[in-house]
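For reference, the chains in residue letters:
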Amino acid sequence: WYHQLCRPRGGEVVNSRICLISGLGGSAGVWADVKELLSDCAVSIPDVPWASTASAWKYDPEITERFCRSQLADCDVLVAHSFAAVSVFNLLTGPNRPPPPAHVVLLSMFYASRAEHFDWSHFDRHRAAFPGVMADGLRAESQGRANPALLDRMAEVVVDAVGPLGWLRFYEAYHATWQGSPRALVNRLTLIHGDADLSADPADSRALHAQVPGSILHIFKGGHFPMVDTPEAVALAIRSALPLPLP
């Protein structure tokens, strides 16, 4: 990490460290525009253990928890997308939760307040949506520069690389969200969701927002990748979450 001056809500100057964590099969490229808009901050984008080329995390769930835990020590604002958002939430609201950072920003969050949320139709719907989400991620990262047919083929490769076990790890994490204690994030949580997200239902973020006093909810135009669809709005929301300087 390094320290730089970063200007939050009202133009105040503070030393702020921001960590941006990509979702399942994702890469740092989806954060490019947001990182540029936050160039006056100390921004880190770690390599995630659930990248499309990785496999160890599928067989050892503790790898995911250890990674999320390791990102907390040196950041003021932790920003996580999709599967990463779910994994961070489960860690920070679970029975052995560590102290949270100053603020947590969760993009495209999957959340259920009760176990009955999960039935066969729910399982089938999310399983069927998975290839499309991977394709959307590749399109987002390419910013329209890649051949559509090539992107579809690349999405197939990513889906095969993640595999059924990787997808099941995601679904297990999603299922675990109803067991957490959301109030552990009182006054520390911002939720960001695309209004046309076909993978993570915006209703999930609305439901979690209702469970956490002092939380902030932003519903922006776009799909599962708000940091690509509306980078300026996402960067502003992150900037608004930065801790204020001491008087």
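Residues numbered from 1 in each chain as written. Predicted model: local features only at pLDDT ≥ 70, side-chain atom pairs only at ≥ 80, totals over all residues. Heavy atoms only, no water.

1. Side note on the packing of helix α5 (residues 120–142) against helix α6 (residues 148–176)
If you want to describe how two helices pack, look at the angle between their axes and the distance between the axes.
Next up, step 1: Axis separation between α5 and α6 bottoms out at 9 Å; the angle between their running directions is 135°. The orientation of α5 relative to α6 falls into the category oblique. For α5 against α6, the interelement crossing comes out right-handed. Together, His122, Phe123, His126, Arg127, Phe130, Pro131, Met134, Ala135, Leu138, Arg139 and Ser142 of α5 and Leu151, Asp152, Met154, Ala155, Val158, Val159, Val162, Trp167, Leu168, Tyr171 and Tyr174 of α6 make up the contact between the two elements. (Axes fitted to C-alpha atoms, helices over the stretch in contact; angles between N-to-C directions. Helix = DSSP H or I, 4+ residues; strand = E, 2+ residues; numbered from the N terminus. Parallel < 35°, antiparallel > 145°, perpendicular 65-115°, else oblique. Left-handed = near helix turned anticlockwise from the far one by under 90°. Contact = heavy atoms within 4.5 Å.)

2. Remarks on the pairing of strand β7 (residues 189–194)
Next up, step 1: With respect to burial, β7 is a largely interior element, six of its six residues being buried.
Next up, step 2: Residues Leu189, Leu191 and His193 point to one face of β7 and Thr190, Ile192 and Gly194 to the other, with burial holding for every one of them.
Next up, step 3: Relative to β7, strand β6 (residues 103–107) runs parallel, the two being bridged by four bridges. Its bridge partner being in β7, Leu106 is matched across the sheet by Leu191.
Next up, step 4: Pairing of β7 with strand β8 (residues 216–220), which is carried by five bridges, proceeds in the parallel orientation. Each bridged residue has a counterpart across the sheet, and for Thr190 the counterpart in β8 is Ile216.
Next up, step 5: As for the winding sense of the linkage, the β-α-β connection from β7 through helix α7 (residues 202–211) to β8 is right-handed. (Buried < 20%, exposed > 50% of the residue type's maximum accessible area, 1.4 Å probe, protein only. Pairing = 2+ DSSP bridges. Right-handed = clockwise from strand over helix to strand, strands pointing away.)

3. Focus: the sheet that holds strand β4 (residues 42–44)
Strands belonging to one sheet form pairs held by backbone hydrogen bonds; the direction of such a pair is parallel or antiparallel.
Next up, step 1: Read from one edge of the open sheet, six strands run β4-β3-β5-β6-β7-β8, paired in parallel fashion. Single-partner strands in this sheet number two, and they are β4 and β8. Neighbour to neighbour, the strand axes of the sheet diverge by 15° on average, direction disregarded.
Next up, step 2: As paired strands, strand β3 (residues 17–21) and strand β5 (residues 77–81) are joined by four bridges and run parallel to one another. For Ile21, the partnering residue across the bridge sits in β5 and is Ala80.
Next up, step 3: On top of the sheet, helix α4 (residues 83–93) reaches β3, β5 and β6; it is set at about 130° to β5, its chief contact.
Next up, step 4: Against the sheet, helix α9 (residues 231–240) touches β3, β5, β6, β7 and β8, its axis set at about 175° to β8.

4. A closer look at helix α3 (residues 62–70)
Next up, step 1: Every buried residue belonging to α3 is among Ile63, Thr64, Phe67 and Cys68, and all of these are buried. Each buried residue of α3 sits inside an arc of 130° when the element is viewed along its axis, so together they form one side.
Next up, step 2: On the buried face of α3, the contacting elements are β3, α2 (56–59) and α4. (Arc of directions from axis to C-beta.)

5. Quick word on the nonpolar core
Next up, step 1: Counting residues in each nonpolar core, the largest one holds 49 residues, and the members touching the most others are Ile21, Trp50, Val88, Leu106 and Met109.
Next up, step 2: When residues of this core are traced back to their parent elements, those giving at least two are β3, α3, β5, α4, β6, α5, α6 and β7.
Next up, step 3: With ten residues, the top contributor of residues to this core is α6.
Next up, step 4: Dropping the residues within four chain positions of it, Leu106 is found in contact with Ala80, Ala85, Val88, Phe89, Leu189, Thr190, Leu191 and Ile192. (Core = buried A, V, L, I, M, F, W, Y, C linked by side-chain atoms within 4.5 Å.)

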